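# Understanding the architecture of this molecule
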Amino acid sequence: MKFSEFQYTRPDLSAVRARCEEICAKIEAACCAQAQISAYDEFEALRREVETDLTIAYVRHSIDTRDEFYDQENEFSDEAGPQLEEMFQKINLALLGSKFRPELEEHFGKLLFTNMEISVRTFKPEILELMQEENRLASQYQKLYASGMVEFRGETMPLTKLGPYMQSPDRETRREAWTVRGSFFDANRAELDELYGKLVKCRNAQARCLGHENFIQLGYDRLGRNCYTPKEVASFRDQIAQDMVPIVAERKKVQQARLGVDRLCFYDDTLLFPDGNAKPEGTAEEILAAGKRMYEEMSPETAEFIDKMFEMELFDVLSKPGKAPGGYCTGIPKYKVPFIFSNFNGTAGDVDVLTHEAGHAFADYTAYKQNYPSLLQSPTLESCECHSMSMEFLTQDFHKYFFGDATEKYEIGHCESSLIFIPYGCMVDEFQHLMYENEDLTPEQRNETWLRLEKKYRPWIDFDNLPFYSRGGGWQQQLHIYLNPLYYIDYCMAQTVAFQFWIASMHDRADAWARYMRFVVAGGSKTFVELCHDSGIKVPYEPGCIREIGSEISQWLHKNARNH
Ligand code: ZN
C-alpha cells in the first residue's frame with residue numbers, strides 16, 4: 001500500500017473519550033493482571049488508530065498547504081492534541097495504580113512504568129494557566145524571529161535569506177551579513193530580554209507548584225530523561241571544556257591557516273574552506289537516487305528499509321509549489337512505517353536529509369518490527385539523535401555517490417563541524433542551567449554570563465567588536481534557549497556516541513554495524529545508559545570518555561586533513 005492510499009478519518013473525540021473511560025474502568029475493575037494487560041492492549045490499538053489519523057492529516061497538510069480539506073483537518077488535530085493527551089494520561093494513571101504492578105512490569109518491562117511516572121509528575125491542573133502563558137511567550141519569540149526582516153546591500157530580505165552571505169567565501173560579505181544579522185537582534189533587544197525573563201520565571205513558577213526549587217528537574221522530566229541527572233550532565237560539560245576544547249582550539253588554528261586570515265574572527269567561524277564547504281553533484285532527483293543506491297548497497301537491513309520507503313512512497317522530499325518549508329521525519333504507528341518530508345534544493349542539506357533524517361526513519365522502521373508498546377517505541381531524545389548522527393558517519397563509504405571528487409573535503413568538513421559543535425552545545429546547556437538557577441539576573445548579567453561561558457568553551461572566538469555579539473547577546477539567536485528548554489545537550493552527547501560508532505567502524509565495519517543495529521533494534525525499551533552499554537559504547541559522561549574520543553578524532557584529522 002502507498003502512503004497516498006492510507007485512509008484518513010477524522011477521529012471522533014467523544015467516541016474516543018467514551019472508549020478511554022471504558023478501558024479505564026476495565027483496568028480499575030480487573031480481577032487479575034491478565035485482564036489489565038488486555039485492556040491496555042485495547043488502549044494501544046485505539047491510540048494507534050487516532051495517532052495515525054492525526055499524523056496523516058499533518059503530513060498531507062505539509063505536502064500541500066493549499067489543500068483546504070487537510071488544512072481544516074490539521075487545525076482540528078492541533079486542538080484535539082491536548083484533549084487526547086489528557087484522556088491518555090488517565091489510562092497511565094489507572095495502570096500506575098494497579099495492584100498487579102509486579103506482574104505488569106514482568107510483562108511490559110519496568111521502564112514503561114518509570115516513563116509513565118516521569119510523565120505523570122510533569123503536570124497538575126494548577127499549572128495549566130502557566131503552561132498556556134509559556135506557550136504564548138514562546139510563540140511571541142517565534143513570531144518575532146520568523147517575521148524578522150533586514151536590509152542587506154540595498155535589499156530587504158528575511159533573516160533566513162542572509163544564510164548564504166554569512167558563509168560567503170568573500171570575507172567582507174560575511175562580516176557585513178553577520179553585522180546586519182546582529183542589528184536585527186539589537187533593534188529588538190528590549191523585547192527579547194523581556195520575553196526570556198518572563199519565560200524563565202514562568203517555567204520556574206510551574207516547577208515550584210510541582211514541588212521543585214526551580215525548573216531544572218521539571219525540564220528533565222518533560223524530556224522524559226530516565227537515567228541521568230544534572231550532575232552527570234555537568235560532569236560531561238566539564239570533560240568537554242577540559243579535554244575537547246583544546247583540540248577544537250588546535251583545529252581553529254588549522255582553519256585560520258587554511259583561510260589565510262591574520263586572525264580568525266567570529267564571521268569566519270563556519271567557513272571551513274576558503275572556497276566554501278563541499279557541494280554535492282547533480283540535481284535533487286539525482287541526489288535522491290544516490291541515497292537509494294547507498295542504502296541498498298550498505299546492508300541487508302538498510303536495503304529492506306529503503307525499498308519499503310520507495311515502494312510505499314514514504315518520502316516527499318522534492319520541492320513543489322504549496323509545500324510547507326523545512327523538513328521532518330515522523331512515524332505512522334498503524335502501518336508501522338516512518339515518513340520523511342523535506343524540500344530538496346540540490347545542496348549539501350539534501351544529503352543531510354538522506355543520512356541524518358533517514359537515520360531516524362531507519363530506527364523507527366526497525367523498532368516498529370519489534371511491536372513495542374507505543375511508549376517504548378522510541379527512546380529518549382539523545383538516543384534518537386544517536387540513531388541519526390551515527391548514520392551520518394556509518395554511511396561514509398557511500399558519500400562518494402553524492403560528492404564525487406569533493407568527497408574527501410566533505411568528510412573533513414563533516415568531522416570538523418561535528419567536533420566544533422560540541423563545545424558550543426555545552427555552552428548553550430550550561431547557560432540555561434544558570435538562568436533557571438538565577439531567575440533574577442538582569443539582562444546585562446545574562447549577557448555577562450554568556451561571555452564568561454564563551455571564554456570557557458570557545459576561547460578562540462574573536463568578535464571583532466561587532467556590536468550585538470561582543471556584548472554577549474549571541475544566545476538570543478539560539479531558538480532552543482527560548483523554545484525547547486534544556487534540550488540541546490542531547491545533540492552533544494549523541495555526537496560523542498556517533499564519533500564512537502565511527503571510530504569503531506574504522507577498526508571493524510561489520511562489528512560496528514552489528515553494534516549499531518543492537519542500539520536501534522531496542523527502540524525505547526532501554527534507557528540511554530543501557531543502550532550504550534549493550535552496544536559497547538561508553539556513556540558520554542563516563543570519566544575519560546571524551547579524552548579517548550578526542551585523541552582518536554584528532555589523529556584521524558592529522559592523517560586525513562593534511563592536504564587541506
Ligand atoms: Zn535529528
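We now turn to the structure provided with this report. (Residues numbered from 1 in each chain as written. Predicted model: local features only at pLDDT ≥ 70, side-chain atom pairs only at ≥ 80, totals over all residues. Heavy atoms only, no water.)

### Some points on the sheet that holds strand S4 (residues 328–332)
Strand order across the open sheet formed by 3 strands is S3-S5-S4, with mixed pairing between neighbours. Taken across any chain shown, the strands that pair with only one partner, and hence form the sheet edges, are strand S3 (315–318) and S4. Direction aside, neighbouring strands of the sheet carry axes that sit 15° apart on average. In this sheet, strand S5 (residues 337–344) lies alongside S4 in antiparallel orientation, the contact comprising 5 bridges. (Pairing = 2+ DSSP bridges. Helix = DSSP H or I, 4+ residues; strand = E, 2+ residues; numbered from the N terminus. Axes fitted to C-alpha atoms, helices over the stretch in contact; angles between N-to-C directions.)

### Observations concerning helix H11 (residues 230–259)
Of all bends in H11, the biggest is about 45°, found at Met 244, and the proline Pro 246 comes one to four residues later. Gly 260 lies just past H11 and shows a positive phi near 70°. (Bend = angle between axes of the 7 residues up to and from the residue.)

### Description of the coordination of the zinc ion
Protein coordination at the zinc ion: the donors are His 356 (NE2), His 360 (NE2), Glu 385 (OE) and Glu 385 (OE), at 2.1 to 2.5 Å from the metal. Taken together, the 4 donor atoms coordinating the zinc ion and their angles of 52 to 142° define a geometry best described as irregular. Read in sequence order, the donor residues for the zinc ion give the motif H-x3-H-x24-E. Of this pair, His 356 and His 360 both sit in helix H14 (residues 348–368), 4 residues apart, roughly one helical turn. This pair shows no difference in class: His 356 is buried, exactly as His 360 is. (Donors = N, O, S within 2.8 Å, 3.2 Å for Na, K, Ca; no water. Tetrahedral: all angles 85-135°; square planar, octahedral: opposite > 155°, others 65-115°. Buried < 20%, exposed > 50% of the residue type's maximum accessible area, 1.4 Å probe, protein only.)

### As for the layout of surface pockets
Its boundaries defined by the atoms lining it, the second largest pocket holds a volume of some 220 Å³. Met 298, Ser 299, Phe 393, Leu 394, Gln 396, Asp 397, Phe 398, Ser 505, Arg 509, Ala 510 and Trp 513 are the residues that line the second largest pocket. With 3 residues, the single largest contributor to the lining of the second largest pocket is helix H22 (residues 509–521). Taken together, the residues that form the lining of the second largest pocket break down as 6 nonpolar, 3 polar and 2 charged. (1 Å grid on protein atoms, 1.4 Å probe; cavity = no way out; pocket = protein on both sides within 12 Å on 5 of 7 lines; lining within 4 Å. Points joined across faces, edges and corners; volume = space filled by probe spheres on them. Nonpolar A, V, L, I, M, F, W, Y, C, P; charged D, E, K, R; others polar.)

### Brief notes about the side chain of Glu 430
By the element assignment, Glu 430 lies in helix H17 (residues 407–437). On the accessibility criterion, Glu 430 (12% relative accessible area) is buried. At 2.9 Å, the side chain of Glu 430 and the side chain of Lys 456 are in polar contact. Apart from residues lying up to four places away in sequence, Glu 430 is in contact with Arg 237, Leu 453, Lys 456 and Tyr 457. (Polar contact = N/O pair within 3.5 Å; in protein donor to acceptor, adjacent residues only side chain to side chain. Contact = heavy atoms within 4.5 Å.)

### Observations concerning the packing of helix H13 (residues 300–311) against H14
For the pair H13 and H14, the least separation of the axes is 10 Å and the interaxial angle reads 100°. Put simply, H13 runs roughly perpendicular to H14. Where H13 abuts H14, its residues Glu 301, Thr 302, Glu 304, Phe 305, Lys 308 and Met 309 lie against Ala 358, Ala 361, Phe 362 and Tyr 365. Each residue belonging to the contact of H13 with H14 can be placed in one class, and the counts come to 6 nonpolar, 1 polar and 3 charged. (Parallel < 35°, antiparallel > 145°, perpendicular 65-115°, else oblique.)

### A short note on the packing of aromatic side chains
A complete count under the given rule lists 51 aromatic pairs for this structure. Taken together, a centroid distance of 5.6 Å and an interplanar angle of 65° make the contact between Tyr 8 and Tyr 70 edge-to-face. Separated by 62 residues along the polypeptide, Tyr 8 in the segment before helix H1 (13–29) and Tyr 70 in helix H3 (residues 68–96) bring together distant segments of the chain. In this structure, Tyr 8 and Tyr 70 share a single accessibility class: buried. Ring centres of Tyr 40 and Phe 108 lie 5.3 Å apart, and the angle between their planes is 75°; on these two criteria the pair is classed as edge-to-face. Of this pair, Tyr 40 sits in helix H2 (residues 33–63) while Phe 108 sits in helix H4 (residues 101–108), and the two are 68 residues apart along the sequence. One exposure class covers both Tyr 40 and Phe 108, and it is buried. (Phe/Tyr/Trp six-rings, centres within 6.5 Å; stacked < 30°, edge-to-face > 60°.)

### Some details on the pattern of salt bridges
For the structure on display, the rule yields 45 salt bridges. As a salt-bridge pair, Lys 323 and Asp 316 come within 2.7 Å of each other at their nearest N and O atoms. For Lys 323, a relative accessible area of 11% translates into the label buried. (Salt bridge = Lys/Arg side-chain N within 4 Å of Asp/Glu carboxyl O.)

### Some thoughts on the pairing of S5
Taking burial as the measure, the 8 residues of S5 include 7 buried ones, the bulk of the element. Bridging between S3 and S5 involves 3 bridges; their strand directions are parallel. Within the sheet, the bridge partner assigned to Asp 316 lies in S5 and is Phe 341. Counting the residues in the hairpin turn of S4 and S5 gives 4 residues, including Lys 336, whose phi is positive at 55°.

### Thoughts on the nonpolar core
Counting residues in each nonpolar core, the largest one holds 152 residues, and the members touching the most others are Phe 3, Leu 162, Tyr 196, Phe 236, Tyr 482, Phe 499 and Ile 553. Per-element tally for this core: the top contributor is H17, with 14 residues. Beyond its immediate sequence surroundings of up to four residues, Phe 3 is in contact with Ile 56, Val 59, Arg 60, Ile 63, Met 312, Glu 313, Leu 314, Ile 332 and Phe 339. (Core = buried A, V, L, I, M, F, W, Y, C linked by side-chain atoms within 4.5 Å.)

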